[in-house]
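Breakdown of the fold
Each chain, letter by letter, is given below.
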Amino acid sequence: MNEISGQSRPKHIVLTSHPTGDQKPVPIQWGADSARERGPVIATPAGSGERNTIGSYSGSYSVYRALAVAAGSLDPLHKPDLTNTSPAVNLGPFPQWTDPDRIVSIDPWGHMVGAVFADEIAKGMDVRPTIAVTRARLTVPELQHSDGPKLEPDGKVLLESGEVNVIKIAIEPVWYLPGIAARFDTTEATLRRSLFEHTGGMFSELVTRPDMHVFLPPIGGITAYLFGDIEAISDPAKKLSCRVHDECNGSDVFGSDICTCRPYLIHGIEDAILTTQQGGAGLIVYNRKEGRALGEVTKFLVYNARKRQEGGDTAENYFERTECVAGVQDMRFQELMPDVLNWLGITRIDRFISMSNMKYDAIVEQGIVIDERIPIPDHLIPDDAKVEIDAKKAAGYFTDGQVPTAEELSNTQGRDLKEY
């Protein structure tokens, strides 16, 4: 691998676990009335006296950046040129941005730093966007062969080609630790210690730098897809269709039929388009929380355990297998999920395309009104996924149909591993 010419690597390792005399982190006042008053989120590499956060930019991809530096393909002192990277549409600010309790897991000003802190960046401050807003077109094969109401091209959202115009937003996690702790009804000290101990001591500053209250965790972020007029998203007088979807690579991308993730996601997209065509707006929030935030390895282990258990893969034992392997049924903890809705200025959702009570409760607890909950239509449920849906209905997930009896749960069975 070729070395980057002109690199200026420090000759010694600079520890950031404790403050030194020359370190004067730029103050952050979370929930301030403007981005400038709040201050920039600076997660520059070790050694910068301006650095005021724990962790680094790019979330889980920061490890790849470190690898690129080690391999000699990236200058460790490189700073991004933000020319022409500004948001493709204007978004905000909304009142929720200045409420320190309403948004605690993302930086509400993260897409504006290139403009707000232009002078500081020009003088050498390494502050980077944690949110990017662009435009895109989606091609969804199912829209050409819809099992629901046929969608007619309108030339604005749904084109004659079948493509869908959207505003696409990428969001990296930025955690305000006091707010995260309050959201989970714990103390900041307890949160910091748990994050430190259960990541193998990856971030010593969590326990040694009480002066730093912002943490950029190395986890996946969020992508939001907005359909229609961006101003309609936050207008309570306009109907809004919304699906909050948690990542499922096997189904979402490859169409695996053991779960309902892709068909439910596509149903949410269809409803978002239809609502937009009727004068409202649509929103899909896609969270990187693979396998209920347990990870794909754990998910596949659970699949094997379900398929091999005595009596076969039944709805009766659906959640038990996950808990046996992972120790918990679900680690998505939807308490942080409404932050992106608050960031978009949403106060009302007319059609919530979800059966999850955890998602519903978390949104409503943030003061967002939900008028109607839309379960997945029965005809969209793959045969092997009936185990999942029946188990969820019996566990209390929202349904407008019949809740399966205990006998029906034992009779709802998925295929055996030998049938693949």
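Before going into details, it helps to say that this report is about the structure given with it. All of these numbers come straight from a predicted model, not from anything done at the bench.

1. Observations concerning the environment of glutamate 205
Structurally, glutamate 205 can be placed in helix α7 (residues 205-208). For the pair glutamate 205 and glycine 55, spaced 150 residues apart in sequence, the C-alpha separation works out to 8.8 Å.

2. Things to note about the layout of surface pockets
What the second largest pocket holds in volume is close to 1,000 Å³. For the lining of the second largest pocket, the secondary-structure elements that each account for two or more residues are α6 (188-197), α11 (290-293) and α14 (339-343). At four residues, the largest contribution of residues to the lining of the second largest pocket is made by α6.

3. Points about the nonpolar core
Side chains that are nonpolar tend, in soluble globular proteins, to be buried together. Within the largest apolar cluster, 36 residues are counted, with the highest numbers of intra-cluster contacts made by Ile169, Leu283, Leu341, Trp343, Leu344 and Ile349. Counting residues in hydrophobic clusters, the runner-up holds 17 residues, among them Val140, Ala272, Ile284 and Tyr286.

4. Looking at the packing of aromatic side chains
Summed over the entire model, instances satisfying the criterion amount to ten aromatic pairs. Seen in terms of ring centroids, tryptophan 175 and phenylalanine 215 are 6.2 Å apart; in terms of plane orientation they differ by 80°. Their pairing is edge-to-face. Highlighted residues: tryptophan 175 in strand β4 (residues 175-176) and phenylalanine 215 in strand β5 (residues 214-216), separated in sequence by 40 residues. Here the two residues tryptophan 175 and phenylalanine 215 agree in accessibility, since each one is buried. Between tyrosine 318 and phenylalanine 319, the ring centres sit 4.9 Å apart and the planes meet at 85°, which makes this aromatic pair edge-to-face. The buried category is assigned to phenylalanine 319, whose relative accessible area is 14%.

5. Points about the sheet that holds β4
Pairing within the open sheet is mixed, and its three strands lie in the order β1-β5-β4. Both outer strands of the open sheet, β1 (54-55) and β4, are each paired with one neighbouring strand and no more. Bridge analysis of β4 against β5 gives two bridges, and the strand direction is antiparallel. From the neighbouring strand, tyrosine 176 faces β5, where its bridge partner is valine 214.

6. Structural notes on empty space enclosed by the protein
Tallying each qualifying case throughout the model produces three cavities of 30 Å³ or more. In this structure, the largest cavity spans a volume of roughly 540 Å³. Lining the largest cavity are 31 residues, with Cys261, Arg292, Arg332, Glu388 and Lys392 sitting closest to its centre. Listing elements by their share of the lining of the largest cavity, those giving two or more residues are β7 (240-246), α10 (261-277), α11, α12 (296-308), α13 (318-326), α15 (357-365) and α16 (386-394). The element best represented in the lining of the largest cavity is α12, accounting for four residues.

7. Overview of the pattern of salt bridges
Side chains that differ in charge, positive against negative, can pair when their charged atoms come close. The final tally for this structure, using the stated rule, is 26 salt bridges. We note a salt bridge from glutamate 163 to arginine 137, for which the minimum N-O separation is 3.4 Å. Taken together, the residues span a long stretch of sequence, with glutamate 163 in the loop between β2 (131-138) and β3 (164-171) and arginine 137 in strand β2 at a distance of 26 residues. A salt bridge links aspartate 257 to arginine 415; its shortest N-O distance comes to 3.0 Å. Here the residue aspartate 257 occupies a position in the loop between α9 (249-252) and α10, and arginine 415 occupies one in the segment after α17 (406-411), the gap between them amounting to 158 residues. Arginine 415 gets classed as partly exposed once you look at its relative accessible area, which sits at 23%. In this structure, a network of salt bridges that share partners links the residues Asp257, Arg306, Lys307, Asp313, Asp384 and Arg415.

How each quantity is defined
- Residues numbered from 1 in each chain as written.
- Predicted model: local features only at pLDDT ≥ 70, side-chain atom pairs only at ≥ 80, totals over all residues.
- Heavy atoms only, no water.
- Helix = DSSP H or I, 4+ residues; strand = E, 2+ residues; numbered from the N terminus.
- 1 Å grid on protein atoms, 1.4 Å probe; cavity = no way out; pocket = protein on both sides within 12 Å on 5 of 7 lines; lining within 4 Å.
- Points joined across faces, edges and corners; volume = space filled by probe spheres on them.
- Core = buried A, V, L, I, M, F, W, Y, C linked by side-chain atoms within 4.5 Å.
- Buried < 20%, exposed > 50% of the residue type's maximum accessible area, 1.4 Å probe, protein only.
- Phe/Tyr/Trp six-rings, centres within 6.5 Å; stacked < 30°, edge-to-face > 60°.
- Pairing = 2+ DSSP bridges.
- Salt bridge = Lys/Arg side-chain N within 4 Å of Asp/Glu carboxyl O.

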